[in-house]
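# Coordinate analysis (summary)
Residue-level listing of the chains:
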Amino acid sequence: MSTARMRAVRMTHWGGPPALTEVACPIPREDEVLIRVEAAGVCRSDLHVLDARPGTLPYRTPFTLGHEVAGRVAERGPGATGPAVGERVVVYGPWGCGLCSRCAAGAENYCDRRADLDAVRTGTGVGLGRDGGMADFLLVPSGRLLVPVGDLPAAQAAPLSDAGLTAHHAVSGIRPSLPLDGGGGASVAVIGVGGLGHLAVQILRATTSAQVLAVDVREEALSLADACGAHFGTRLRPDTSEVLRRRAGGIGVDAVLDFVGSHSSLELAVGALRAGGELAVVGSGGGELTVRKPGALPPGVRLSLPFWGTRPELEEVVALARKGVVRVETEEFALSSAPEAIDRLRSGHARGRTVLVPD
Ligand code: NAD
Ligand code: ZN
Ligand code: ZN
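Quick summary incoming for the structure in this document. (Residues numbered from 1 in each chain as written. Chains lettered and ligands numbered in written order. Predicted model: local features only at pLDDT ≥ 70, side-chain atom pairs only at ≥ 80, totals over all residues. Heavy atoms only, no water.)

What follows concerns the coordination of the zinc ion (ligand 2). Looking at the zinc ion (ligand 2), the protein donor atoms are C43 (SG), H67 (NE2) and D162 (OD), and they sit 1.8 to 2.3 Å from it. When the donors of the zinc ion (ligand 2) are listed by position in the chain, the intervening gaps give C-x23-H-x94-D. Of this pair, H67 sits in the loop between β4 (63–64) and β5 (69–76) while D162 sits in helix α4 (residues 154–174); the two residues are 95 residues apart in sequence, bridging distant segments of the chain. Each member of the pair, H67 together with D162, is buried. (Donors = N, O, S within 2.8 Å, 3.2 Å for Na, K, Ca; no water. Helix = DSSP H or I, 4+ residues; strand = E, 2+ residues; numbered from the N terminus. Buried < 20%, exposed > 50% of the residue type's maximum accessible area, 1.4 Å probe, protein only.)

Taken together, 30 residues form the shell around ligand 1, and within it R44, S45, D216, W308 and R353 come nearest. Within the side chain of S45, a nitrogen or oxygen atom sits 2.8 Å from an oxygen atom of ligand 1. Notes on ligand 1: free accessible area 860 Å², of which the protein chains cover 90%. Counting residues per element, the ones that place at least two in the shell around ligand 1 are α1 (44–51), α4, α5 (195–207) and β12 (211–216). At three residues, the largest contribution of residues to the shell around ligand 1 is made by α1. (Near = heavy atom within 4 Å. Polar contact = N/O pair within 3.5 Å; in protein donor to acceptor, adjacent residues only side chain to side chain. Areas by Shrake-Rupley, 256 points an atom, 1.4 Å probe, with all protein chains shown as cover.)

Glancing now at the packing of α4 against α5. Taken N-terminus to C-terminus, the directions of α4 and α5 make an angle of 50°; their axes are 8 Å apart at the nearest point. Considering the angle they form, α4 stands oblique to α5. Crossing handedness for the pair α4 and α5: right-handed. Residues A163, G164, T166, A167, H168, V171 and I174 of α4 touch α5, and the partners they reach there are G195, L196, L199, A200, I203, L204 and T207. Its residues assigned to classes, the contact of α4 with α5 shows nine nonpolar, five polar and no charged. (Axes fitted to C-alpha atoms, helices over the stretch in contact; angles between N-to-C directions. Parallel < 35°, antiparallel > 145°, perpendicular 65-115°, else oblique. Left-handed = near helix turned anticlockwise from the far one by under 90°. Contact = heavy atoms within 4.5 Å. Nonpolar A, V, L, I, M, F, W, Y, C, P; charged D, E, K, R; others polar.)

What follows covers the sheet that holds strand β2 (residues 19–24). An order of β2-β1-β4 is seen for the three strands of this open sheet, with the pairing classed as antiparallel. Two strands close off the open sheet at either side, each with one partner strand: β2 and β4. (Pairing = 2+ DSSP bridges.)

Time to look at the packing of aromatic side chains. Per the counting criterion, the structure on display carries two aromatic pairs. Look at Y59 and F63: their rings are 5.8 Å apart centre to centre, the planes differ by 90°, and that puts the pair in the edge-to-face class. Here Y59 and F63 have matching classes, each one buried. Their ring planes at 80° and their centres at 5.8 Å tell us that F307 and W308 sit as a pair that is edge-to-face. (Phe/Tyr/Trp six-rings, centres within 6.5 Å; stacked < 30°, edge-to-face > 60°.)

Our next topic: the pattern of salt bridges. Counting across every chain of the model gives 20 salt bridges. We note a salt bridge from E22 to R5, for which the minimum N-O separation is 4.0 Å. On the criterion of sequence distance, the pair formed by E22 in strand β2 and R5 in strand β1 (residues 5–11) is long-range, its members being 17 residues apart. For E22, a relative accessible area of 47% gives the class partly exposed. (Salt bridge = Lys/Arg side-chain N within 4 Å of Asp/Glu carboxyl O.)

This next bit is on the coordination of the zinc ion (ligand 3). Here the zinc ion (ligand 3) is held by the protein donor atoms C97 (SG), C100 (SG), C103 (SG) and C111 (SG), which lie 2.3 to 2.4 Å from it. Considering all four donor atoms around the zinc ion (ligand 3), the spread of angles at the metal, 104 to 117°, places the coordination shape in the tetrahedral class. Here the donor residues for the zinc ion (ligand 3) map to a single chain with the spacing C-x2-C-x2-C-x7-C. With a gap of 11 residues between them, C100 in the loop between β6 (88–91) and α2 (101–104) and C111 in the loop between α2 and α3 (114–119) connect regions that are remote in the sequence. For C100, a relative accessible area of 8% gives the class buried. (Tetrahedral: all angles 85-135°; square planar, octahedral: opposite > 155°, others 65-115°.)

Let's shift gears to the side chain of S262. Counting through the fold element by element, S262 comes out in the loop between β14 (253–258) and α8 (263–272). Engagement of the side chain of S262 in a polar contact is seen with the side chain of S264, the distance being 3.2 Å. In contact with S262, not counting residues within four places along its chain, are G285 and G287.

This part takes up the sheet that holds β12. Overall, parallel pairing links the six strands, which are arranged β13-β12-β11-β14-β15-β16 in an open sheet. The open sheet has two edge strands, β13 (232–235) and β16 (302–304), and neither has a second partner. Along the sheet, successive strands turn relative to each other by an average axial angle of 15°, direction set aside. For strand β11 (residues 187–191) and β14, the ladder comprises four bridges, and the chain directions are parallel.

Next comes the structure, spelled out in structure tokens:
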């Protein structure tokens, strides 16, 4: 294996198309673990990376894309800990310093040294500045970044590591704002029912008693929201904030999960929220929100910008999937068709999560 070559989908230069190319297969040293990739999800963040202007992201090119990865442990460095060779795993993607108190608590998504890592342009995590899993093999720095998945199919497991984990983390953040089970009456708007949003709908249904109101610009996404258990779905229109307020007893929704983050989605969120409500902006759609008192935001609103999730939360979402409570809607493509798969997500025709499977 040491001199072997493998296929990889690479970000070679800023603004360029993804390149399906051949690179040397990495060899695990010290604590590193080599994963044979069984599935890698395609996220809208990959499009944001591909489209980024030079200098706007703290990454060096080239690197291999793919930050949602499941596979089997193929080889371990001599000091590696964690899952054994042959075990099936999903990769915890936000790779922090591994040493600070946040990393020690499994919250590498909020590593205290993230800014230092950015400064030396080492990347945010797997497939984001560091070589990722749209490839035949993936080198992971440490066994601490692997979560066993048992017999969960790889195309189900891979999207859990970002779409599932980020949705779960965002729901966990707003849960304290929702009346407890049995209290009833709480309502949550989910804006954008794509890869992340369709899992958020399922996680809300499984772990809260809130009324789930879905908004998208596409009819197919609303039918997916319905299949995932949303109580109500509507296309984004000029009066959508009014429609959501009416659905939420005329007073506004308790929480909004915005999986778009554009100007129009943020405007909708602000218009639909109840005073004292909770807004979690997950999407990186380039919209901006002005914080001013008094201003457009209803009084008492809490705002959060959840980023990915913690390792214990990844274990929780894997457990939900293994119990059958969460099911990823997937469209599968061969790894060799990665450029077509990425184009399909860009064209707005993907349903649920697009997943690449090495062929
Ligand atoms: P996706 O393309 O699968 O889903 C986006 C959905 O939003 C689609 O169904 C689309 O039709 C819908 N949409 C677009 N504009 C809309 C609008 N104005 N109003 C309502 N719906 C609209 O994307 P995804 O992979 O689920 O990612 C969603 C966003 O979250 C992206 O911006 C991505 O970069 C970001 N993201 C953030 C994190 C994080 O940690 N914060 C993690 C992963 C992805
Ligand atoms: Zn992502
Ligand atoms: Zn750290």
